[in-house]
Amino acid sequence: METTDFLTQLNLSQRQAVQHFCGPMLVVAGAGSGKTRALTYRVAHLIRHHRVHPENILAVTFTNKAAREMKDRIGKLFAQEQAEAKYGKPFLALTAQEQTRLRSQVYKNITRHLWMGTFHNLCARILRFDINKYQDEKKRRWDKNFSIFDESDAQSLIKKIVTKELNLDDKKFDPRSVRYAIGNAKNQGMSPLEYQRAEPDYRGRVIAEVYGIYQDNLAANNALDFDDLIRIPVELFQQNEQILGYWHQHFNHILVDEYQDTNRTQYNLIRFLATNGEDPKYFNNWENRSVFVVGDVDQSIYSFRMADYTILLDFQNDFGDGLPDGDTRTMIKLEENYRSRENILEVANKLIENNTQRIDKILKPTRGLGEEIYCYEAENELEEAEFVCSKIAEITDLNPELDWGSFAILYRTNYQSRPLEEKLIHYDIKYVIIGGLRFYERKEIKDALAYLRVISNPADTVSLLRIFNTPRRGIGKTTIETLLNASSQMGIPLWEILNDQTSINALAGRSSKAVNQFARIIQHWQDEVENLTALEILEGILEDSGYIEDLKKQGTEDADNRMANLGELCSAVAQFQEDNEETTLESFLANASLASDLDNLQEGQQAVSLMTLHSAKGLEFPVVFMVGLEQGLLPHFRSIDDPLSLEEERRLCYVGITRAQEQLFLSYATERRQIWGVRDTTVPSDFLGELPADLVNTNAMKKVVYRSTGQSKKTQNTGVKKAVSHQIKNWQVGDKVMHENFGVGLVTNIFGEGKKISLGIKFGKSQKIIDPKIASMTKLN
DNA sequence: GAGACCGTTATTTTT
DNA sequence: TAACGGTCTC
């Protein structure tokens with residue numbers, strides 16, 4: 001339990017960080033160096049020692065989970081302190097009732113007032129106050145009930161614009177890359193018009209046009225996407241000195257965690273708030289004011305989301321005194337690692353040394369040497385999964401104190417979870433998947449939220465269309481088209497038409513009864529929005545809309561599953577209401593769109609955690625398995641040719657390694673199911689070669705029990721497979737191939753043997769002779 | 001208006 | 001391989 005005089009529990013650098021009061025400060029914090037602790041204690045120290053009001057502290061975390069945990073820890077610190085002040089004994093010695101009383105008091109007086117959350121969360125909060133004062137270059141406006149569109153909402157909206165509204169070829173203007181370009185523009189603070197000026201060629205003009213229509217659509221739906229949540233406050237601050245002044249005054253102390261993963265817009269937001277819009281170089285009014293950022297360039301893994309670690313590298317020149325490491329008063333390095341065993345750290349240190357883009361820093365061990373690090377070569381991804389499972393079983397047998405919650409399996413891409421799941425089930429090991437198909441992206445959850453959104457924000461036509469005929473209530477394409485047509489010609493949201501019975505009767509023809517009934521249900525719950533809690537509305541609308549009944553009627557396993565998920569959603573709403581002492585629909589919705597799957601990761605759940613390396617950032621586990629260490633997977637093939645992207649892949653690997661406290665297992669498969677169910681041979685990751693050979697045991701691991709899955713695979717050359725298997729395939733007449741230029745073909749002849757083999761292949765009508773070592777061609781099964 | 005069927009196409013990472 | 005979207009039929 002953490003005691004009140006927390007300063008004594010810190011090392012010198014940590015203490016310096018915690019005691020920092022005013023002015024800028026950069027904390028360079030390596031993995032496992034106790035930076036969360038430093039952040040937590042500093043917030044507590046500001047409140048307790050410097051008498052800063054919690055309301056005046058803005059703390060940005062990378063996930064909601066991190067924010068919740070930090071609030072929780074701060075709450076505990078104060079509860080402890082007050083237990084001693086009031087009752088003269090430690091918190092845990094109080095009765096349960098006294099404990100609850102104290103904790104809710106601390107919540108009411110302190111933690112509740114902190115502005116602590118992700119950029120998106122905090123900005124959404126700011127916008128609920130001020131978005132009605134914003135209008136963009138085309139006079140588009142929003143009001144405080146705005147919906148937040150997630151990535152898939154945004155994507156399908158853009159697809160609709162590209163294919164339906166502009167009649168463009170979605171091969172040439174792939175909605176995903178268009179979305180990416182728009183996101184890019186937004187994160188550089190560019191409006192559609194500015195983008196058009198910056199990219200005047202044909203493609204740029206088209207994208208600018210899509211961007212403009214996209215913003216029209218968002219505004220018409222009273223909706224924002226993730227990027228807008230941050231971009232709009234920044235623009236608002238630029239436009240309006242008074243609003244900026246207000247928030248600048250409000251947030252005296254700004255803390256940012258994971259600063260290496262902020263992007264330009266987020267940086268601008270911080271800069272505006274900290275210096276009231278002035279150039280940080282010349283800003284010197286730091287009285288009662290600070291910017292305190294914590295980060296680690298070696299763990300910057302979000303450049304695909306426009307994160308830019310040079311923002312961290314520039315901090316010293318930007319806000320700081322710019323002095324060299326020895327003399328500076330605006331930078332502290334935390335290098336002692338309290339998490340991992342020495343050999344794990346050494347492997348991590350050696351790996352990351354290969355990167356050029358860094359601040360010089362090593363992880364210093366404090367915990368002594370640990371178990372040997374193993375690297376296992378599997379034949380394929382199923383056997384790799386087999387290895388992981390049998391190791392978990394073996395380790396839990398030998399160490400009764402470890403439960404399944406002590407293990408994590410980390411991979412590069414979500415689809416790698418499948419074979420692992422299969423084997424975990426086979427071994428009867430309990431597991432949780434973090435990420436993948438996220439809870440809030442499931443169909444039934446999105447449907448339920450769409451109902452809630454329409455109730456809260458009737459202008460949200462995207463959500464309205466989602467549920468209009470879900471469950472089936474006999475409203476078809478023609479009816480919807482007629483109604484939509486009317487709404488666009490009159491320039492009003494679809495709901496305005498549905499809200500009026502006469503309009504429905506005039507337009508909907510045969511379906512008017514069904515449409516009217518639907519409209520009445522929505523109206524009913526809209527009327528109750530002020531009187532009822534979010535939970536009551538959710539349960540009511542699920543029943544009223546016939547959604548639950550429809551699922552019950554189906555009676556399939558899938559439908560049962562969906563019902564269970566809806567039940568879980570109800571519990572989530574209940575939980576939210578309890579945690580936040582806030583029961584309005586509006587506040588729940590604001591939160592739900594931004595919730596991530598990581599939020600569901602509960603400690604002490606006694607299940608093995610499966611997640612991507614990205615999701616694993618900030619977490620730690622006694623035993624870590626990193627699977628799929630192959631060229632093309634880690635590093636991912638899309639990053640392999642670009643040196644800077646390759647460095648990011650290396651950081652990703654580094655993040656994975658540094659999650660392990662006691663023991664680390666690495667593995668790769670020599671043959672892997674790739675795309676379209678086609679098997680292919682693989683090459684071990686280059687990163688493995690960068691690890692110190694004397695610390696990683698690559699032998700000794702083959703004797704894992706292999707539980708046969710049915711087909712016995714006979715490979716002739718197991719011993720040398722690693723070196724040559726990606727070059728030599730055993731070709732036979734009748735093999736099918738996929739050729740990059742000629743498509744699918746059938747092997748009809750084989751000429752020569754061994755390395756000098758050539759193949760006669762029939763592609764449709766034409767016959768060709770091809771050297772398989774040179775051709776870009778893969779063998780199909 | 002609903003459901004079946006077939007062909008196409010996609011896998012990086014996430015707030 | 002699997003999931004999705006478009007088309008066709010009743």
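Residues numbered from 1 in each chain as written. Chains lettered and ligands numbered in written order. Predicted model: local features only at pLDDT ≥ 70, side-chain atom pairs only at ≥ 80, totals over all residues. Heavy atoms only, no water.

**As for the packing of aromatic side chains**
So, point 1. Scanning the model with the defined rule gives 22 aromatic pairs in all.
So, point 2. Ring plane angle 75° and centroid distance 5.5 Å describe the contact between tryptophan 115 and tryptophan 247, whose orientation is recorded as edge-to-face. Here tryptophan 115, found in strand E3 (residues 115-117), pairs with tryptophan 247, found in helix H11 (residues 241-250); they are 132 residues apart in sequence, far enough to count as distant. Tryptophan 247 carries the same exposure label as tryptophan 115, and that label is buried.
So, point 3. When the centroid spacing of 6.1 Å and the interplanar angle of 75° are considered together, the rings of phenylalanine 173 and tyrosine 202 count as edge-to-face. (Phe/Tyr/Trp six-rings, centres within 6.5 Å; stacked < 30°, edge-to-face > 60°. Helix = DSSP H or I, 4+ residues; strand = E, 2+ residues; numbered from the N terminus. Buried < 20%, exposed > 50% of the residue type's maximum accessible area, 1.4 Å probe, protein only.)

**Regarding the pattern of salt bridges**
So, point 1. By the definition in use, this model includes 43 salt bridges.
So, point 2. A salt bridge links aspartate 225 to arginine 179, with the nearest nitrogen and oxygen atoms 3.8 Å apart. With aspartate 225 in strand E5 (residues 223-225) and arginine 179 in helix H7 (residues 175-187), this pair connects stretches of sequence that are 46 residues apart.
So, point 3. As a salt-bridge pair, glutamate 630 and arginine 672 come within 2.6 Å of each other at their nearest N and O atoms. Here arginine 672 lies in strand E17 (residues 671-673) and glutamate 630 lies in the loop between strand E15 (621-626) and helix H29 (643-657), a separation of 42 residues in the sequence. When sorted by exposure, glutamate 630 lands in the same class as arginine 672, which is buried.
So, point 4. Connected via shared salt-bridge partners are Glu151, Arg179, Lys186, Asp225, Asp227, Asp228, Arg231 and Glu235. (Salt bridge = Lys/Arg side-chain N within 4 Å of Asp/Glu carboxyl O.)

**Quick word on unusual backbone geometry**
So, point 1. Residue proline 471 follows threonine 470 across a cis peptide bond; omega there is 0°.
So, point 2. Its place among the elements puts proline 471 in the loop between helix H19 (461-468) and helix H20 (477-490).
So, point 3. For the bond running from leucine 634 to proline 635, omega is 5°, close enough to zero to count as cis.
So, point 4. The topology assignment puts proline 635 in the loop between E15 and H29.
So, point 5. Residue asparagine 288 is not a glycine yet carries a positive backbone phi of 55°.
So, point 6. Following the sequence through the fold, asparagine 288 ends up in the loop between helix H12 (264-275) and strand E7 (290-295).
So, point 7. Within the chain, methionine 306 stands out as a residue other than glycine whose phi angle is a positive 75°.
So, point 8. The exposure class assigned to methionine 306 is buried, which follows from its relative accessible area of 17%.

**Some details on the confidence of the model for chain A**
So, point 1. Here chain A averages 87 in pLDDT, and 91% of its residues register 70 or above.
So, point 2. Note that pLDDT drops below 50 for residues 703-726; the model gives that stretch 25 contacts with residues more than four away or on any other chain. (pLDDT = per-residue confidence, 0-100. Contact = heavy atoms within 4.5 Å.)

**Focus on the protein's contact with DNA strand B**
So, point 1. Close to DNA strand B lie 29 residues, the nearest being Arg176, Arg412, Tyr415, Thr478 and Trp676.
So, point 2. Looking at DNA strand B alone, sugar and phosphate atoms form 54% of those within 4 Å of the protein.
So, point 3. A distance of 2.9 Å separates a base oxygen of DNA strand B from a polar atom in the side chain of histidine 120.
So, point 4. One of the backbone nitrogen or oxygen atoms of lysine 477 is found 3.3 Å away from a phosphate oxygen of DNA strand B.
So, point 5. If you list the elements that add at least two residues to the surface near DNA strand B, you get H20 and helix H28 (613-616).
So, point 6. The greatest single-element share of the surface near DNA strand B, amounting to three residues, is contributed by H20.
So, point 7. Residues belonging to the surface near DNA strand B are distributed by class as follows: five nonpolar, 15 polar and nine charged. (Near = heavy atom within 4 Å. Polar contact = N/O pair within 3.5 Å; in protein donor to acceptor, adjacent residues only side chain to side chain. Nonpolar A, V, L, I, M, F, W, Y, C, P; charged D, E, K, R; others polar.)

**Overview of the sheet that holds strand E2 (residues 57-60)**
So, point 1. With respect to topology, six strands assemble into an open sheet ordered E3-E2-E6-E7-E1-E8, the strand pairing being parallel. Unpaired on one side and paired on the other, E3 and strand E8 (331-334) mark the two borders of the sheet. The average angle at which neighbouring strand axes cross in this sheet is 10°, direction not considered.
So, point 2. With four bridges connecting them, E2 and strand E6 (residues 253-256) associate as parallel partners. Paired with leucine 58 across the bridge in E6 is isoleucine 254.
So, point 3. Each of E2, E6 and E7 is contacted by H12, which is oriented at about 160° to E6, the strand it contacts most. (Pairing = 2+ DSSP bridges. Axes fitted to C-alpha atoms, helices over the stretch in contact; angles between N-to-C directions.)

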